[in-house]
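# An overview of the molecular structure
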Amino acid sequence: MTVHFIGAGPGAADLLTVRATRLLAASRVCLYAGTYLDAAVLEHCPQGARLVDTRVPDLDGITAEIVAAHERGEDVARLCSGDPSVYSAIAEQTRRLDAAGVPWDITPGIAAYAATAARLGRELTVPEVAQSVVLTRAQRDSTAMPSGESLEAFAATGATPVLHPAIRRARELADRLAEHYGADCPVAVAYRVEQPQELILRGTLADIADRVEEHDLRQAAIIVVGWALRAEDFVESHLYSCRRVAAIEATQGPPSA
């Protein structure tokens, strides 16, 4: 019996991986983050499965549910919003499962920032505009950020920052970022991206907070900032340049028909 940590992607039922749907269908217990998932995701679970919304139990309660299922000989699907490698809290959960002798594995999912970029129709790394994406969060009533990981330090690089659990501090964060990117820097806010309630807000660091407050967004949203969101006049990637292709053909010959 195994606990499957499954990336549920942005929360849309049709954006799960094939492996994820297979594991869900085989698990008699499913723990899920109800705040971030469309209820249709749970339709992949078998009829009669025990469904536990993890908005209610704390870490002790979640662990108890998993251990109890393991002792009954049942596989457990632990749905994580986005991809389990980022902000999924699996580190503390797997540590407890290791201590309890419960086996587990991880199935990746589509990160919310990737789904947002797709909906925007934008690449977040544009040649000579931005070549790095910074996934970070804002500290409020949560664990402290490590020293050196300040928003200003990331902004100084000119990378494309993606801010998680930060929507309630949109105005403060926009003001801080404007000092580095400029008030006219483009911003996108994605609320429940790829779900029926999806809302995409576009603006600048000067006005995005007004738009967020207008729509009363308080959770389940990410903020993407950077000039890559508006880049038009940029150099083309070396990957497909004529010079690179000519160099390859010179050493390997032209591709076979």
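Below is a summary of the structure that appears in this document.

Calculation rules
Residues numbered from 1 in each chain as written. Predicted model: local features only at pLDDT ≥ 70, side-chain atom pairs only at ≥ 80, totals over all residues. Heavy atoms only, no water. Helix = DSSP H or I, 4+ residues; strand = E, 2+ residues; numbered from the N terminus. Buried < 20%, exposed > 50% of the residue type's maximum accessible area, 1.4 Å probe, protein only. Contact = heavy atoms within 4.5 Å. Areas by Shrake-Rupley, 256 points an atom, 1.4 Å probe, with all protein chains shown as cover. 1 Å grid on protein atoms, 1.4 Å probe; cavity = no way out; pocket = protein on both sides within 12 Å on 5 of 7 lines; lining within 4 Å. Points joined across faces, edges and corners; volume = space filled by probe spheres on them. Arc of directions from axis to C-beta. Pairing = 2+ DSSP bridges. Axes fitted to C-alpha atoms, helices over the stretch in contact; angles between N-to-C directions. Salt bridge = Lys/Arg side-chain N within 4 Å of Asp/Glu carboxyl O.

## Some words on the overall build of the protein
Of the regular secondary structure elements, the protein holds eight helices and 10 strands. A principal-axis box enclosing the C-alpha atoms of the protein has dimensions of 60 × 55 × 35 Å. The burial tally for the protein puts 44% of its 257 residues in the buried class. When contacts within the protein are restricted to residue pairs at least 6 apart in sequence, those whose partners lie at least 24 apart make up 69%. With the model as given, the accessible surface of the protein reaches about 13700 Å², and the carbon-plus-sulfur share is 50%.

## What about empty space enclosed by the protein?
Enumeration over the complete set of coordinates arrives at one cavity of 30 Å³ or more. By volume, the largest cavity is sized at about 40 Å³. Taken together, Leu163, Ala170, Leu173, Ala174, Leu177, Val187, Leu205, Ile208, Ile223 and Val225 form the lining of the largest cavity. Of all the elements, helix 6 (residues 170-181) adds the most residues to the lining of the largest cavity, at four residues.

## With respect to helix 3 (residues 90-100)
Given 3.6 residues to a turn, an α-helix orients residues that are three or four positions apart in the same direction. Turning to helix 3, its buried residues number three or more, namely Ile90, Gln93, Thr94 and Leu97. The arc that holds every buried residue of helix 3, seen down its axis, measures 95°, which confines them to one face. Turned more than 90 degrees off the buried face of helix 3, the exposed positions are Ala91, Arg95 and Ala99. The inward-facing, buried residues of helix 3 contact strand 1 (3-7), helix 2 (59-71), strand 4 (76-80) and strand 5 (104-107). Of the residues flanking the end of helix 3, it is Gly101, one or two places downstream, whose phi is positive at about 75°.

## Focus: the sheet that holds strand 10 (residues 221-225)
The strand order across the open sheet built from five strands is 6-7-10-8-9, with neighbouring strands paired in mixed fashion. The open sheet has two free edges, formed respectively by strand 6 (133-137) and strand 9 (199-204), since each of these has just one partner strand. Taking the axes of each pair of neighbouring strands and ignoring which way they run, one obtains an average angle of 20° across the sheet. Sheet topology note: the strand 7 (residues 160-164)/strand 10 ladder contains two bridges and is antiparallel. Following the sheet pairing, Leu163 is matched in strand 10 by Ile223. Sitting on the sheet, helix 4 (residues 112-120) touches strand 6, strand 7, strand 8 (186-191), strand 9 and strand 10, and the angle it makes with strand 10 is about 65°.

## Quick word on the pattern of salt bridges
Counted according to the given criterion, the structure contains 12 salt bridges. Across the pair Arg72 and Glu74 runs a salt bridge, and its minimum N-O distance is 2.9 Å. Note that Arg169 is salt-bridged to Glu172, the shortest N-O span being 2.6 Å. A relative accessible area of 14% places Arg169 in the buried class.

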